[in-house]
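What follows is the residue order along each chain.
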Amino acid sequence: LFQEKDYYRAITEYKRAAFLAPGTEIARQAGLGIGLSYRAGEKWEQAADAFQALAAEAGTSALGARAAWELAETWRLAEEDAKARDAFLEFLRRFPSSQDADRARLRLAACHARLEEIKEAMEVLDQVPETSPVKKEARKAREALASPPDLKPKSPGLAGTMSAVLPGSGQWYAGRPGAGAGYFLLNVALIGGAAEAYHTDRDVLGTVLAAGALLAYSANIYGAVDGAHQANRESEERYLRGLERDLGLSPGEALTGLRAPSSPGVSVTWTVRF
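Right, let's walk through the structure included here. Please read all numbers here as calculations on a predicted model, not as lab measurements.

The next thing to look at is a nonpolar patch on the surface. A contiguous nonpolar patch, built from Val165, Leu166, Phe184, Leu185 and Val188 and spanning about 480 Å² of accessible area, is present on the exposed surface. The greatest single-element share of the nonpolar patch, amounting to three residues, is contributed by helix H11 (residues 177-199). Here Leu166 is to be found in the loop between helix H9 (156-165) and helix H10 (169-173).

If you want it as structure tokens, here you go:
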């Protein structure tokens, strides 16, 4: 059912397995499956609860490490950066000698960066030893953190001023020429229509069009300011995505050095790489 992406029915069957085999390895593996199913369905809170319960129950075993990793990864995928940061820190505290400790550090650094904790991110990357297979990624990401580009290239104040002087020009400056052209034409049409209406003694229509022109002019200034802010947010997001690519992060990647053992006489095989 999980492989068929029927996650909610998969959860039901995992729960049935846990009920029929309480306290066994099967029940604990089912708990892992429940968490993975919730996460695949983007039910972040339920997934986190399942992984947290399993991590507490399984302790420092391989399955406990897997649960602690998946808990942190769930918060990262949910873009709950503060929770992901704390969960990766807990993973490193509980499993400092894990083969996946350095990969956890890469993810931890990404969380720090998203929280604008640049110093902490660089310190974490410095902890990756030279012999680590992910040292190349850590070094590249640290260089990017040490000399970040200008993440706020557009001035909202300048964009608003430009659109106040010439409607639409602030949008052009913010990198949205389509919106700029639209605001310019709208303002010209409304002002021209109001002038023509007053000229032909249609005062009521002229007043309505003039009021519309004032609203369009105000919206044009607000749109320019908002457009500059949005351009800056997009610039920052591109930088962070590039940083994550440098770190070699892939969503939902499983542990390499920690695998949950199957109980005696029971074969438990994960055929999908989570």
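The end-to-end C-alpha distance of helix H2 (residues 25-40), which contains 16 residues, comes to 22 Å, matching closely the 22 Å that a straight helix rising 1.5 Å per residue would cover. Along H2, 13 of the 16 residues are buried, which leaves the element largely enclosed by surrounding structure. A side-chain oxygen of the first residue of H2 lies 3.3 Å from the backbone nitrogen of Ile26; this N-cap is Thr24. Phi for Glu42, located one or two positions after H2, is positive at around 60°.

Quick look at the packing of helix H3 (residues 44-58) against helix H4 (residues 62-77) now. With their axes 8 Å apart at the nearest point, H3 and H4 run at an angle of 160° to one another. What the angle tells us is that H3 and H4 run roughly antiparallel. In terms of crossing hand, the pair formed by H3 and H4 is left-handed. Contact with H3, carried on its side by Trp44, Glu45, Ala47, Ala48, Phe51, Gln52, Leu54, Ala55 and Ala58, involves Leu63, Gly64, Ala67, Ala68, Glu70, Leu71, Thr74, Trp75 and Leu77 of H4 and no other residues of that element. In the contact of H3 with H4, the residues fall into 13 nonpolar, three polar and two charged.

On to helix H8 (residues 135-146). The periodicity of an α-helix, 3.6 residues per turn, causes residues three or four places apart in sequence to face the same way. Taking 1.5 Å of rise per residue, the 12 residues of H8 would be expected to cover 16 Å, and the 16 Å separating its terminal C-alpha atoms lies within 8% of that figure. Every buried residue of H8 is accounted for by Lys135, Ala138, Ala141, Ala144 and Leu145. Packing partners of the buried residues in H8 comprise helix H6 (101-114), helix H7 (118-126) and helix H12 (203-246).

Another aspect to go through is the packing of aromatic side chains. Inspection of every chain in the model, using the stated rule, returns four aromatic pairs. Centre to centre, the rings of Phe2 and Tyr7 are 5.3 Å apart; their planes meet at 65°, and the pair counts as edge-to-face. By the burial criterion, Phe2 is buried, and Tyr7 matches it. For the pair Trp69 and Phe88, a centre-to-centre distance of 5.9 Å together with 80° between the ring planes defines the contact as edge-to-face. Of this pair, Trp69 sits in helix H4 while Phe88 sits in helix H5 (residues 81-94), and the two are 19 residues apart along the sequence. Both residues of the pair, Trp69 and Phe88, belong to the buried class. In textbook terms, an aromatic cluster arises when at least three aromatic residues are bridged by ring pairs, as seen for Trp69, Phe88, Phe91 and Phe95. Looking at Lys83, its charged tip hangs above the ring of Trp75, at a distance of 4.5 Å from the centre.

Criteria and thresholds
- Residues numbered from 1 in each chain as written.
- Predicted model: local features only at pLDDT ≥ 70, side-chain atom pairs only at ≥ 80, totals over all residues.
- Heavy atoms only, no water.
- Patch = residues over 30% accessible without salt bridge, like charges linked within 9 Å, V, L, I, M, F, W, Y side chains within 5 Å.
- Areas by Shrake-Rupley, 256 points an atom, 1.4 Å probe, with all protein chains shown as cover.
- Salt bridge = Lys/Arg side-chain N within 4 Å of Asp/Glu carboxyl O.
- Helix = DSSP H or I, 4+ residues; strand = E, 2+ residues; numbered from the N terminus.
- Expected span 1.5 Å × (residues − 1).
- Buried < 20%, exposed > 50% of the residue type's maximum accessible area, 1.4 Å probe, protein only.
- Polar contact = N/O pair within 3.5 Å; in protein donor to acceptor, adjacent residues only side chain to side chain.
- Axes fitted to C-alpha atoms, helices over the stretch in contact; angles between N-to-C directions.
- Parallel < 35°, antiparallel > 145°, perpendicular 65-115°, else oblique.
- Left-handed = near helix turned anticlockwise from the far one by under 90°.
- Contact = heavy atoms within 4.5 Å.
- Nonpolar A, V, L, I, M, F, W, Y, C, P; charged D, E, K, R; others polar.
- Phe/Tyr/Trp six-rings, centres within 6.5 Å; stacked < 30°, edge-to-face > 60°.
- Lys NZ or Arg CZ within 6 Å of the ring centre and 35° of its normal.

From the geometry alone we can't say anything about function, so treat these as descriptive.
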